[in-house]
Every structure is written in C-alpha cells, then in structure tokens.
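Understanding the architecture of this molecule
Here are the chains, one letter per residue:
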Amino acid sequence: MPIFSHTVTGYLFALLATVVWSGNFVVARGLAGALSPVELSFWRWSIAFLTILPFAGRSLLRSLPLVRGTWGKVILMALLGITCFNTFIYQAGHTTDATNMSLLATASPIVMAAIAHLFLRERLSRFQFFGLCGALCGVIILVSRGRLGTLLGLRFAQGDLWMLLSVFLFAVYSLMLRCRPKAFPQKAFLALLIGIGVIAVIIIIICVFVFGGKESKPAQETPTVPITGLSDTSNKQAQGDSESTSNSDSQTQQSSVAPTKATFTYKVASGSSAYI
C-alpha cells in the first residue's frame, strides 16, 4: 500500500520540480559572464538528454511512428519550450537578477489561462479564477514589496522583457503539449522534444560561429599607425590667437580642459594600409 495517494504524490513532484526549476534562474544569473545564452542552453539540454536517454531510449524508438502527420507541431513545441524558452532565460540573466526572473516566471499560469481563454475558448472555473487572481496579487505584492509607489515607479530592464517573452513562449508550449499523441509515452516524448531542441541549438551555434565573426577583423590583423603630431584646435579658438599667453599656461589649460576638436598628423609607409 503506497504511503501517499496519487494526488499527494503528484503535488510533491510538482513542488520538487518547482524547486529544481528555480535553480535555473540562479544558474542563468551566475554564469551570465562565463558562457553565452546559446552555449548555456546547449550544455543544459545536452546533459538532460544524455540523462533521460537510458530511461526512454527504447520507448522513443518504438513510438516514433506515432508522430507521423504531427512533425510540424512537435518541432514547433521543441523550438518554443526547449530552444527559445531557456535561451531567453539565459539572455535575461545578463541584465536582471535571479529574483526578478523567478518572480516574473510565476506569471506563467496567468498567461497560460489568458491564452487558453482567448484562443481556445476555454472557460475558467470559479476556483481557477480566484486562484489566478490570488497568484496575480501575490506577484504584484512581491514585485512592489507592498508599496504602491514602487509599483507606480516600476521600470523594466531589458532582461525583464526577455523573461516576459520566455514566459509567453512557455505558456504556448504548455498548451501545445495537448497535441502529444496519447499513445506516446511521456518520458519518450520529452526525450524527443529535448533531442530536437538540442539539434536546433547546435544549428544556431554553428551559424554564429560561421557568420558571427565576419563583421570585424581581429585586433592582431589591424595595423597600428604611429601618430607624429597632435594639435588642439579648440583651445586655439578659445584663446583668440593671443600671443601673450605663455607656453606653460597653454599646457596647463590643455591638460585641464578636454578638447572638442583636434587635428591629427600621421605618416603611413608606402604600400601600407591604415584603419582609423
């Protein structure tokens, strides 16, 4: 006889998933300067795919024929929920903190319910409606810290906008999971989505590697040009071409006032190229 009922077990696993998922925001913020968002997404999902593959590999191979006719929806789900969603979270980690990301992520059920109501014509029950209102009020209180002035003066950073976009994509992805073939096992379907998402991330990395470095030349390939003369024309105009000012006073003025105009005199050897 099981210790917990199936309902309690489901709630416990959902709570555990939330705890584990929240660590994703900490990683996104902590490794923002070490790896690019695409690289973080690649390593996260590659490890996840290798972890789940021993448990779902055989079932995945047996169930692949069930996806016939729905490959477009499956690929779209993988791109939204695996490739784009987490990459945008890691992009948000560059300009916002983990607390803001986790707070904005709590709005996902609200966005999901709104999309389901607007596009799928689903009606919310009374308990669902009050639950979503409570979740919305909780998000507002946490973000504003219970102060109305903080809420009125709220400004979104660039990372917050990336996080809101990822929340929207996750809501669409969650609703599209209903398109999963009923006979397709959940573990195998998750492995399929992760595999497709990793392939998409690899394609993005290859494109960035091939086409991302052609706009500017490396520093070692840029020849240096020795400057043989520099004169400040702005200070000359300010002095009114007065000859009574001594050289020491002129040097003092030039050191204390930044020039707005300057004339550069440089020499380039014959046959050499200069980049300015």
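Residues numbered from 1 in each chain as written. Predicted model: local features only at pLDDT ≥ 70, side-chain atom pairs only at ≥ 80, totals over all residues. Heavy atoms only, no water.

Moving on, we come to the overall build of the protein. What the protein contains, in helices and strands, is 11 helices and 2 strands. Element order for the protein, N to C, with α for helix and β for strand: α-α-α-α-α-α-α-α-α-β-α-α-β. Buried residues in the protein amount to 28% of all 276 residues. Restricting to contacts in the protein with at least 6 residues of sequence separation, those with at least 24 account for 84%. When the accessible surface of the protein is summed, it comes to about 18900 Å², and 65% of that surface belongs to carbon and sulfur atoms. (Helix = DSSP H or I, 4+ residues; strand = E, 2+ residues; numbered from the N terminus. Buried < 20%, exposed > 50% of the residue type's maximum accessible area, 1.4 Å probe, protein only. Contact = heavy atoms within 4.5 Å. Areas by Shrake-Rupley, 256 points an atom, 1.4 Å probe, with all protein chains shown as cover.)

Let us now look at the packing of aromatic side chains. In the structure shown here, the tally under the stated rule is 5 aromatic pairs. Plain terms: the ring middles of F184 and F189 are 5.4 Å apart, the flat faces sit at 75° to each other, and that makes the pair edge-to-face. Classification of F184 as buried rests on a relative accessible area of 1%. Above the face of the W45 ring, R44 is positioned so that its terminal group lies 4.4 Å from the ring centre. (Phe/Tyr/Trp six-rings, centres within 6.5 Å; stacked < 30°, edge-to-face > 60°. Lys NZ or Arg CZ within 6 Å of the ring centre and 35° of its normal.)

Mean pLDDT over the protein: 75, with 68% of residues reaching 70 or higher. Least confident of the elements in the protein is strand 1 (residues 227-232), whose mean pLDDT is 47; most confident is helix 9 (residues 186-211), at 93. The low-confidence segment residues 215-234 (pLDDT under 50) makes 34 contacts with residues lying over four places distant or belonging to another chain. Note on residues 250-256: pLDDT under 50 across the span, and 6 contacts to partners over four residues away in sequence or across chains. (pLDDT = per-residue confidence, 0-100.)

Together, I202, I206, F209, V210 and F211 give the surface a local cluster of nonpolar side chains, amounting to about 540 Å² of exposed area. In this structure, F209 sits in helix 9. Using a relative accessible area of 72% as the deciding quantity, one classes F209 as exposed. (Patch = residues over 30% accessible without salt bridge, like charges linked within 9 Å, V, L, I, M, F, W, Y side chains within 5 Å. Salt bridge = Lys/Arg side-chain N within 4 Å of Asp/Glu carboxyl O.)

To continue, consider the packing of helix 4 (residues 98-105) against helix 8 (residues 158-176). It is at 9 Å that the axes of helix 4 and helix 8 come closest, and there the two elements cross at 30°. The orientation of helix 4 relative to helix 8 falls into the category roughly parallel. Between helix 4 and helix 8 the crossing geometry is right-handed. Only D160, M163, L164 and V167 of helix 8 make contact with helix 4, whose side of the interface consists of N100, M101, L104 and A105. Looking at the contact of helix 4 with helix 8 residue by residue, the class counts come to 6 nonpolar, 1 polar and 1 charged. (Axes fitted to C-alpha atoms, helices over the stretch in contact; angles between N-to-C directions. Parallel < 35°, antiparallel > 145°, perpendicular 65-115°, else oblique. Left-handed = near helix turned anticlockwise from the far one by under 90°. Nonpolar A, V, L, I, M, F, W, Y, C, P; charged D, E, K, R; others polar.)

Okay, the nonpolar core next. When a protein is soluble and globular, its nonpolar side chains tend to lie buried together. With 23 residues, the main nonpolar core has L60, V74, M77, F184, F189, L192 and L193 as its most contacted residues. Where this core is concerned, the elements lending two or more residues are helix 2 (37-63), helix 3 (71-92), helix 8 and helix 9. Counting residues per element, this core draws most heavily on helix 9, which supplies 8 residues. Apart from residues no more than four positions distant in its own chain, L193 is found in contact with V74, M77, A78, I82, Y173 and L177. (Core = buried A, V, L, I, M, F, W, Y, C linked by side-chain atoms within 4.5 Å.)

This part takes up the side chain of S46. Topologically, S46 is positioned in helix 2. Look at S46 and you get buried, because its relative accessible area is 14%. Engagement of the side chain of S46 in a polar contact is seen with the backbone oxygen of F42, the distance being 2.7 Å. (Polar contact = N/O pair within 3.5 Å; in protein donor to acceptor, adjacent residues only side chain to side chain.)

A word on helix 9. The terminal C-alpha atoms of helix 9, which comprises 26 residues, lie 37 Å apart, in line with the 38 Å expected from a rise of 1.5 Å per residue. Every buried residue of helix 9 is listed here: A188, F189, A191, L192, L193, I194, G195, I196, G197, V198, A200 and V201. (Expected span 1.5 Å × (residues − 1).)

Now for the environment of M77. Along the chain, the position of M77 falls in helix 3. A relative accessible area of 1% means that M77 is categorised as buried. Not counting chain neighbours up to four residues away, the residues in contact with M77 comprise I82, Y173, M176, L177, C179, F189 and L193.

This part covers the state of the cysteines. A full pass over the atoms with the stated rule returns 0 disulfides. Of the cysteine sulfurs around C137, a residue in no disulfide, the closest is that of C133, at 6.6 Å. Assessed through its relative accessible area of 45%, C137 is described here as partly exposed. (Disulfide = S-S within 2.5 Å.)

Turning to the environment of E39, a few remarks are in order. As for its placement among the helices and strands, E39 is situated in helix 2. In sequence terms E39 and Y90 are 51 residues apart; their C-alpha atoms lie 9.4 Å from each other. In terms of polar contacts, E39 uses its side chain to reach the backbone amide nitrogen of S36, at 3.0 Å.

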